[in-house]
Amino acid sequence: MDIRQLTPRYFVAPQIDPGDMDDLRAQGITRILCNRPDAEVPPSHQAAALREAAEAAGIAFADQPLTHQTMTPEVIAKNRALGAETEDVVLAYCASGTRSTIAWALGQAGQMDSDAIVEAAAKAGYDLANMRPMLGQSYI
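Computed from a prediction, not measured in an experiment: that's the story for all the values here. (Residues numbered from 1 in each chain as written. Predicted model: local features only at pLDDT ≥ 70, side-chain atom pairs only at ≥ 80, totals over all residues. Heavy atoms only, no water.)

Engineer: How should the side chain of N79 be read in this particular structure?
Structural biologist: Of note, N79 is situated in helix α3 (residues 73-82). We classify N79 as buried; its relative accessible area is 2%. For N79, the residues in contact, after removing those within four places along its chain, are Y10, L33, N35, Q64, L66, A84 and A103. (Helix = DSSP H or I, 4+ residues; strand = E, 2+ residues; numbered from the N terminus. Buried < 20%, exposed > 50% of the residue type's maximum accessible area, 1.4 Å probe, protein only. Contact = heavy atoms within 4.5 Å.)

Next comes the structure, spelled out in structure tokens:
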């Protein structure tokens, strides 16, 4: 698994597997946030299969599929509420981790310094420097 840390309680990753749940729980993950639409993956990796595996392992599961076209302020606010605003240790995943990182960044815009957002993403391997101008004010 390629898990990357954005904050002490928020991580992102590319697609995870139902068989990863015990390892995720052992790493302290208490909530999984699925940002990947079911249409992008086979049934074995769709949200229902991952939810079943996560809940069987004692991990909460939230489903908020995202595309770049659906990242509206309302959707980003819901994504933030399901992930960053919880007390859980969250792993948000999508195809590569990029969409989950962008959604996290937009949810932090106006709440966190834009340079700090870009730096956290960069440390995790995601270049959001081109988003810096829009991260200085609230998106949601």
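Having seen the structure, we can now continue with the description.
Engineer: What's the story with helix α5 (residues 114-123) in this structure? I'm lost.
Structural biologist: One turn of an α-helix holds 3.6 residues; hence residues three or four places apart share an orientation. Every buried residue belonging to α5 is among S114, I117, V118, A120 and A121, and all of these are buried. Viewed end-on, α5 has its buried residues packed into an arc of 160°, placing them on one side of the element. Sitting at the amino-terminal end of α5 is D113, which places a side-chain oxygen 3.0 Å from the backbone nitrogen of D115. Positive phi shows up at G125, right after α5, with a value of about 95°. (Arc of directions from axis to C-beta. Polar contact = N/O pair within 3.5 Å; in protein donor to acceptor, adjacent residues only side chain to side chain.)

Engineer: Looking at this structure, I do not really get the packing of helix α4 (residues 98-108) against α5. What am I missing?
Structural biologist: A packed helix pair is summarised by two numbers, namely the angle formed by the two axes and the spacing between the axes. One way to put it is that α4 packs onto α5 with a least axis distance of 10 Å and a crossing angle of 160°. Of the possible angle classes, the one that applies to α4 and α5 is roughly antiparallel. Crossing handedness for the pair α4 and α5: right-handed. Contact residues: T101, W104, A105 and Q108 in α4; I117, A120 and A121 in α5. For the contact of α4 with α5, the class distribution of residues is 5 nonpolar, 2 polar and no charged. (Axes fitted to C-alpha atoms, helices over the stretch in contact; angles between N-to-C directions. Parallel < 35°, antiparallel > 145°, perpendicular 65-115°, else oblique. Left-handed = near helix turned anticlockwise from the far one by under 90°. Nonpolar A, V, L, I, M, F, W, Y, C, P; charged D, E, K, R; others polar.)

These values are about where atoms sit, not about what they do.
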